[in-house]
Amino acid sequence: MTGLPRAILFDLDDTLIRAYAQPEEAWTRLLNFFAAHLDAQGAEAIERVRQAIMEEARAFWSDRAEAAKWRLDIPGARRLSVRRGLARLGYRDETLADHIADAFTELRRAEYRLYPDAHATVDALRQRGVKLALVTNGAAEFQRAKIERFELGHRFDHIQIEGEFGMGKPEPDVYRHALGRLGCDACDAWMVGDNYEWEVEAPQKLGLCGIWYDPFDAGIPAHATAKPTRVIRRLAELLE
Ligand SMILES: [Mg+2]
């Protein structure tokens, strides 16, 4: 077992499954369905709506306290962002806004995909004796549904969902609890995921190795306060 740690904590969304990454294309596609309702003629008009919605969403999620609360109700948060985005452009129909937000939630859910090397990588790590935890933020019901849909439950020694545990990343106790359940010290563990703050900066402060998953080659964020132990573009690189 050279090079591998005693335990690995995995993120779920946009690490094992592709869930919310690169939303621009999905928004454009969805808004085209609603072009008539929005009286938005042509690509430019659709683009204006997309930008307004996505800017409101970014502003919404940038408030830490609000984000921690709304992570447990993503569809509700999405309704608020779409309402605000449309209001900015002069639309006053909140029912239409909610309808669009809910359609986006459904579109995303329908398009969740397991990353192709996820099962094989996780299974190979476990076979090599690495203890595995799945540590995910979000609502219990939503996250459990994904875990079941993508046959992940039996692949992990411990599963920890924010909505069940009562606390989410980047709270230090989230990582400590998972390590405790795996019977492993921080210095013998990796955290793997796509969120720089949650999966690199916070765990590294506790002594874990932060492995940043960067499948779209986005590069280390400009505001980064720590350097990841390692950057991977594919999950299978963990086995190399
Ligand atoms: Mg993630």
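Quantities reported herein were computed from a predicted structural model and do not represent experimental measurements.

### Quick notes on the overall build of the protein
Moving on, step 1. Scanning the protein from N- to C-terminus turns up 11 helices and 8 strands.
Moving on, step 2. What you see for the protein is a C-alpha radius of gyration of 19 Å, in line with the 18 Å of a compact globule of 240 residues.
Moving on, step 3. Seen through its C-alpha atoms, the protein measures out along the principal axes to roughly 60 × 35 × 35 Å.
Moving on, step 4. A buried classification covers 48% of the 240 residues belonging to the protein.
Moving on, step 5. Relative to all contacts within the protein whose residues are 6 or more apart in sequence, the contacts with residues 24 or more apart total 65%.

### Section: helix H6 (residues 94-111)
Helical geometry: 3.6 residues make up each α-helical turn, so side chains three or four residues apart lie on a common side.
Moving on, step 1. Given a rise of 1.5 Å per residue, 18 residues ought to cover 26 Å, and the 26 Å separating the end C-alpha atoms of H6 matches this to within 8%.
Moving on, step 2. On the buried face of H6, the contacting elements are helix H1 (23-33), helix H2 (35-38) and helix H5 (74-88).
Moving on, step 3. Among the residues of H6, the N-terminal cap falls to Asp 93, whose side-chain oxygen and the backbone nitrogen of Thr 95 are separated by 3.1 Å.

### A closer look at the domain arrangement of the protein
Moving on, step 1. Each assigned domain of the protein is listed with its residue range as follows: domain 1 (7-19 + 114-239) and domain 2 (23-111).
Moving on, step 2. Taking the mean C-alpha position of each, domain 1 and domain 2 sit 28 Å from one another.
Moving on, step 3. Taken together, the contact pairs 14 residues of domain 1 with 9 residues of domain 2.
Moving on, step 4. Summed over both sides, the interface of domain 1 with domain 2 buries roughly 810 Å², with 44% coming from carbon and sulfur.
Moving on, step 5. Considering only the side of domain 1, the residues that lose the most area to domain 2 are Phe 142, Arg 149 and Glu 162, jointly responsible for 47% of the buried surface there.

### Digging into the pairing of strand S5 (residues 158-161)
Moving on, step 1. What you see with S5 is no split at all: His 158 and Gln 160 on one side and Ile 159 and Ile 161 on the other are buried throughout.
Moving on, step 2. In this sheet, S5 lies alongside strand S4 (residues 131-136) in parallel orientation, the contact comprising 4 bridges. Bridging from a neighbouring strand, Ala 133 pairs with His 158 of S5.
Moving on, step 3. For the crossover from S4 across helix H8 (residues 140-149) to S5, the handedness is right-handed.

Thresholds applied
Residues numbered from 1 in each chain as written. Predicted model: local features only at pLDDT ≥ 70, side-chain atom pairs only at ≥ 80, totals over all residues. Heavy atoms only, no water. Helix = DSSP H or I, 4+ residues; strand = E, 2+ residues; numbered from the N terminus. Rg over C-alpha atoms; globule rule 2.2 N^0.38 Å. Buried < 20%, exposed > 50% of the residue type's maximum accessible area, 1.4 Å probe, protein only. Contact = heavy atoms within 4.5 Å. Expected span 1.5 Å × (residues − 1). Polar contact = N/O pair within 3.5 Å; in protein donor to acceptor, adjacent residues only side chain to side chain. Domains from an automatic or database assignment. Buried area = accessible area lost by both parts, 1.4 Å probe. Pairing = 2+ DSSP bridges. Right-handed = clockwise from strand over helix to strand, strands pointing away.

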